[in-house]
Amino acid sequence: MINRNKNRKVYVEETIGSRNYFSFRADLFLYKLVICIVVYLIIFYITSELFISIVFSLQILLIFTLINKLIIERKENEGKQLLLLKFKKDYFFKKINEMDILEFEKFIKYYFEKQGYKNFKKAGKHLYLINKHDADCYVKIYKFHEGAEIEKTDVRNFISIINNSTIKNGIIVTTNNLSNDAKNNIEKLKLNLNIINIDKLYEFANKNKYLPEDNYFYKQIHDSKIRKDVKKYKVLKNNIFNTKKIIIYIASSIFFYIMSEFMPNNNLTIYISYYFIVLTIISALYFLLLKTIRTKVKE
């Protein structure tokens with residue numbers, strides 16, 4: 001059975017770069033908590049009413065809890081679509097790369113038939129002549145090994161055929177990228193060439209439902225992305241001892257210290273300030289120690 005919470009973690013992490021899910025959720029909670037405390041202190045400072053201050057701060061807490069929930073859900077949906085697209089493309093690209101040139105040319109023939117082209121006739125090596133609306137067009141198919149580029153010399157023969165023919169329309173179908181020289185040569189000669197790359201072929205396959213159902217890919221995502229949980233102390237350490245967090249700690253300690261000056265009878269603000277000062281000192285010492293150890297290891 002697929003664990004939805006673990007899947008949510010995977011989907012959200014896909015949208016937050018190098019950060020981990022725990023850190024992201026902890027940041028949202030920290031911001032919410034700080035805002036609630038600030039609201040509480042401001043209301044209490046203005047009204048001197050404990051009950052009213054608590055009610056207002058609780059309302060802010062509920063509002064930001066809802067906002068954070070919406071943020072998480074949006075991140076989850078975005079990550080879900082990103083991973084689905086990634087896995088579907090990987091699946092399609094793998095299937096295409098596994099085809100030999102004859103199988104690939106049959107697939108391309110089927111592709112053009114679905115686009116309304118007719119009379120798919122062989123005109124040379126990996127070269128075909130097709131027709132649509134009484135207009136003829138040459139099709140050149142390039143399928144090299146994965147990672148290879150189509151160079152200027154590769155398209156030279158195709159360009160010569162078009163230049164020496166009454167048929168001036170051409171289509172290049174390829175699973176590879178064109179090199180800059182090849183692109184510049186085509187643009188320089190101002191040829192009427194369309195490029196159908198593997199991304200367009202994927203769009204065709206996906207649009208016409210030639211790929212497995214989405215549930216197939218969600219299971220793949222689950223099987224490949226759900227790993228053993230990292231030890232909790234390590235996740236906690238990476239979240240607390242973060243260079244970006246030091247700035248937040250310093251700003252928070254200054255803010256709550258200033259608030260304590262305005263509210264001398266409320267000890268809560270000064271204790272919160274001390275708490276962020278301690279976090280700042282510990283984080284700074286941790287990074288200094290880590291830097292010293294790394295320097296010694298390099299030596």
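Residues numbered from 1 in each chain as written. Predicted model: local features only at pLDDT ≥ 70, side-chain atom pairs only at ≥ 80, totals over all residues. Heavy atoms only, no water.

1. With respect to the overall build of the protein
Link 1 in the chain: When helices and strands are counted, the protein shows 11 helices and seven strands.
Link 2 in the chain: Considering the protein as a whole, with its 299 residues, one finds that 35% of them fall into the buried category.
Link 3 in the chain: Counting only carbon and sulfur atoms, one obtains 58% of the accessible surface of the protein, whose full area is about 19600 Å². (Helix = DSSP H or I, 4+ residues; strand = E, 2+ residues; numbered from the N terminus. Buried < 20%, exposed > 50% of the residue type's maximum accessible area, 1.4 Å probe, protein only. Areas by Shrake-Rupley, 256 points an atom, 1.4 Å probe, with all protein chains shown as cover.)

2. What to know about helix α2 (residues 21-47)
Link 1 in the chain: The end-to-end C-alpha separation of α2 is 39 Å, in line with the 39 Å expected for 27 residues at 1.5 Å each.
Link 2 in the chain: Just beyond α2, the residue with positive phi is S48, at close to 60 degrees. (Expected span 1.5 Å × (residues − 1).)

3. Details of the packing of aromatic side chains
Link 1 in the chain: Here the structure, examined in full by the defined rule, presents 17 aromatic pairs.
Link 2 in the chain: Centroid distance F204 to Y210: 5.7 Å. Interplanar angle 50 degrees. Geometry classified as tilted.
Link 3 in the chain: Among the residues examined, Y210 registers a relative accessible area of 36% and is labelled partly exposed.
Link 4 in the chain: Note that K140 overlies the ring of Y142, its terminal NZ or CZ placed 5.6 Å from the centroid. (Phe/Tyr/Trp six-rings, centres within 6.5 Å; stacked < 30°, edge-to-face > 60°. Lys NZ or Arg CZ within 6 Å of the ring centre and 35° of its normal.)

4. Concerning the sheet that holds strand β5 (residues 169-174)
Link 1 in the chain: Pairing is mixed in the open sheet, where five strands are placed in the order β1-β2-β3-β5-β7. Only two strands of the sheet have a single partner each, and these edge strands are β1 (118-124) and β7 (192-196). Taken pair by pair, the neighbouring strands of this sheet meet at an average axis angle of 25 degrees, ignoring direction.
Link 2 in the chain: Pairing geometry for β5 and β7, over five bridges, is parallel. Residue pairing in the sheet places V173 in a bridge with I196 of β7.
Link 3 in the chain: Against the sheet, helix α4 (residues 101-114) makes contact with β1, β2 (127-132), β3 (135-142), β5 and β7, and its axis sits at roughly 150 degrees relative to β3, the strand it touches most. (Pairing = 2+ DSSP bridges. Axes fitted to C-alpha atoms, helices over the stretch in contact; angles between N-to-C directions. Contact = heavy atoms within 4.5 Å.)

5. A look at the confidence of the model for the protein
Link 1 in the chain: Averaged over every residue, the pLDDT of the protein is 82; the share at 70 or more is 87%.
Link 2 in the chain: Predicted confidence is poor over residues 228-233, with pLDDT under 50, and the contacts of this stretch with residues over four places away or in other chains come to two contacts. (pLDDT = per-residue confidence, 0-100.)

6. Observations regarding the pattern of salt bridges
Link 1 in the chain: Applying the stated criterion to the full structure yields six salt bridges.
Link 2 in the chain: A salt bridge links E78 to R74, with the shortest nitrogen-to-oxygen separation between them at 3.1 Å. Of the two residues, E78 and R74 are both situated in helix α3 (residues 50-98); the distance of four residues between them amounts to about one turn of the helix.
Link 3 in the chain: Take E78: its relative accessible area is 34%, and that puts it in the partly exposed class.
Link 4 in the chain: Between D214 and K88 there is a salt bridge, and its shortest N-O distance comes to 3.3 Å. A residue pair is termed long-range when its members are at least 10 positions apart, and D214 in helix α8 (residues 214-225) and K88 in helix α3 qualify at 126 residues.
Link 5 in the chain: By relative accessible area, which is 10% here, K88 ends up buried. (Salt bridge = Lys/Arg side-chain N within 4 Å of Asp/Glu carboxyl O.)

7. Observations regarding a nonpolar patch on the surface
Link 1 in the chain: A cluster of nonpolar side chains, namely I42, Y45, I46, I250, I254, Y257, I258 and F262, defines an oily patch on the protein surface of about 800 Å² accessible area.
Link 2 in the chain: Secondary-structure elements contributing two or more residues to the nonpolar patch are α2 and α10 (243-262).
Link 3 in the chain: Top element by residues in the nonpolar patch is α10. It accounts for five residues.
Link 4 in the chain: Tracing the chain through its elements places Y45 in helix α2.
Link 5 in the chain: By relative accessible area, Y45 is classed as partly exposed at 46%. (Patch = residues over 30% accessible without salt bridge, like charges linked within 9 Å, V, L, I, M, F, W, Y side chains within 5 Å.)

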